[in-house]
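Structural description and commentary
What follows is the residue order along each chain.
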Amino acid sequence: MIERRQSLPASAPGCEAHALSLHFGPGANDPAAGPKAVIQCALHADEIPGLLVGVHLRHELARLETEGRIRGEIVLVPMANVLGASQALLGSHIGRFDLGTGINFNRGYRHLTPALLNRLPGQLGADATVNTAVIRQASRQLLDEWQPASAAEALKRWLQRQAVDADTVLDLHCDGQALMHLYAPTPWAEVGLSLGRCLEARVVLLAEESGDDPFDESVSRHWWELKTALGTQYPIELACFSTTVELRGQADVCHEVAQRDAQGLLAFLEQRGHLATGSATAAAAPAVGCTALPLEGVDPLTAPCGGVVVFARALGEAVKVGEKVAEVIDPLTGQATPVTSRVDGVFFAHSKARWALRGERIGKVAGAQAFRTGKLLSL
Ligand SMILES: [Zn+2]
């Protein structure tokens, strides 16, 4: 295992920070040695389950490396957001947004397709494998040319640069309180479902473009966009599967669960060819099946007024259009206002707070029919 440290520019004199990546397998020294996978933990720095999963993965990957079972390179970024890790405001940890700018740490990555379409003419040919290498090289160059204006941008560039030439990218997050679920690219629905089964996830939410350039899309989206734009002239592969794994809720942090999730991720890495056959423990068949649904079909339940939030349904329950999922109670009047679902679907996530302000998102129901457009993610 090789440790690499990346210094980030100091926001102020004396405030240097360093990001750390751990590189396992023969590919750590030889990029030609085989496939590459990247797993990063807690890009939203207050989403702690991924950090503990990363601790278990570190031990397991070290063992698998010793046994010679890693193919190519597996990169583990055990704490993806060293900047957000130290942010606090009035006693609360703030890990989702850069406190200085209010910008989400998981937005604003580079959408590479327009620049690649300018750069690639004359470089592509009749061999799909060669084209993949050419596109990866051009992508690395584009990110090397990115001049970050802030420490947060430098962190984003480092993360995207590290994952942009990978075959598999797993970005470990969590929700407030939630069932295990994933965000995956629509063209990769079947592979997303395979990962969902390894992790006993309930839903895989599919989109080609979620809006505002989250990290996971920034390393995979250009492949299908280039295929659409240039695929009639040149063979172009979908060379990167990337996903955001939502490891349940923020308080779901315990060794037993983290160990099981780490085993699920390793089982998936074995399926993808990053580990020798027989390296991972086979996942148990999930009690409830995993379903792929469009992200445009998720109803983000919104508080119609401020007040005390009481959920009327449990996570995992099926709900129908018009059914009450929660109520928001005005403690001054005692009046309860119902919050109803706009879709038939699965209630799979809700906020961890029980106080809401008017307009705040308090839960999510995943339906089968796409009905939303525009920006599909929360702030
Ligand atoms: Zn997150």
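Summary of the structure given here. (Residues numbered from 1 in each chain as written. Predicted model: local features only at pLDDT ≥ 70, side-chain atom pairs only at ≥ 80, totals over all residues. Heavy atoms only, no water.)

Some words on the sheet that holds strand β17 (residues 336-340)
The sheet built from 4 strands is open, its strands ordered β17-β16-β14-β19 with antiparallel pairing. Each edge of the sheet is formed by a strand with only one pairing partner; in this case those strands are β17 and β19 (355-356). By the bridge criterion, 4 bridges tie strand β14 (residues 307-311) to strand β16 (residues 324-329) in an arrangement that is antiparallel. Counted as the bridge partner of Val310 is Glu327 from β16. (Pairing = 2+ DSSP bridges. Helix = DSSP H or I, 4+ residues; strand = E, 2+ residues; numbered from the N terminus.)

Quick notes on helix α1 (residues 49-66)
In this model, α1 (18 residues) spans 26 Å end to end at C-alpha, consistent with the 26 Å of a helix rising 1.5 Å per residue. Next to the buried residues of α1 lie β2 (17-24), β3 (36-41), β4 (73-77), β7 (168-175), β11 (241-249) and α8 (255-271). Directly beyond the C-terminal end of α1, a positive phi value near 70° is found at Gly68. (Expected span 1.5 Å × (residues − 1). Contact = heavy atoms within 4.5 Å.)

Here we look at the packing of helix α5 (residues 189-198) against α8
Look at α5 against α8: their axes get within 8 Å of each other, and the N-to-C directions meet at 145°. Seen along the crossing, α5 lies across α8 with a hand that is right-handed. Where α5 abuts α8, its residues Val191, Ser194, Leu195 and Cys198 lie against Gly264, Leu265, Ala267, Phe268 and Gln271. Each residue belonging to the contact of α5 with α8 can be placed in one class, and the counts come to 6 nonpolar, 3 polar and no charged. (Axes fitted to C-alpha atoms, helices over the stretch in contact; angles between N-to-C directions. Left-handed = near helix turned anticlockwise from the far one by under 90°. Nonpolar A, V, L, I, M, F, W, Y, C, P; charged D, E, K, R; others polar.)

Overview of the sheet that holds β4
Each strand in a sheet pairs with its neighbour through backbone hydrogen bonds, running either in the same direction (parallel) or in the opposite one (antiparallel). Spatially, β1-β2-β4-β3-β7-β11-β9-β10-β12 is the arrangement adopted by the 9 strands of the open sheet, whose pairing is mixed. The open sheet terminates on both sides in strands that have one partner only, identified here as β1 (2-8) and β12 (291-294). Within this sheet the neighbouring strands show an average axis-to-axis angle of 25°, counted without direction. Sheet topology places strand β9 (residues 181-185) next to β11; 3 bridges connect them, and they run antiparallel. Counterpart to Leu182 in the pairing with β11 is Val245.

Here's the deal with the environment of Ser86
Tracing the backbone shows Ser86 in the loop between β4 and β5 (88-89). For Ser86 and Asp46, which are 40 residues apart along the polypeptide, the C-alpha to C-alpha distance reads 9.9 Å. Polar contacts involving the side chain of Ser86 include one to the main-chain carbonyl oxygen of Leu83, which spans 3.4 Å. (Polar contact = N/O pair within 3.5 Å; in protein donor to acceptor, adjacent residues only side chain to side chain.)

Re the environment of Gln137
Looking at where Gln137 falls in the secondary structure, it is placed in helix α3 (residues 128-145). Here Gln137 falls in the partly exposed class, since its relative accessible area comes to 36%. (Buried < 20%, exposed > 50% of the residue type's maximum accessible area, 1.4 Å probe, protein only.)

Shape descriptors only; they carry no functional weight alone.
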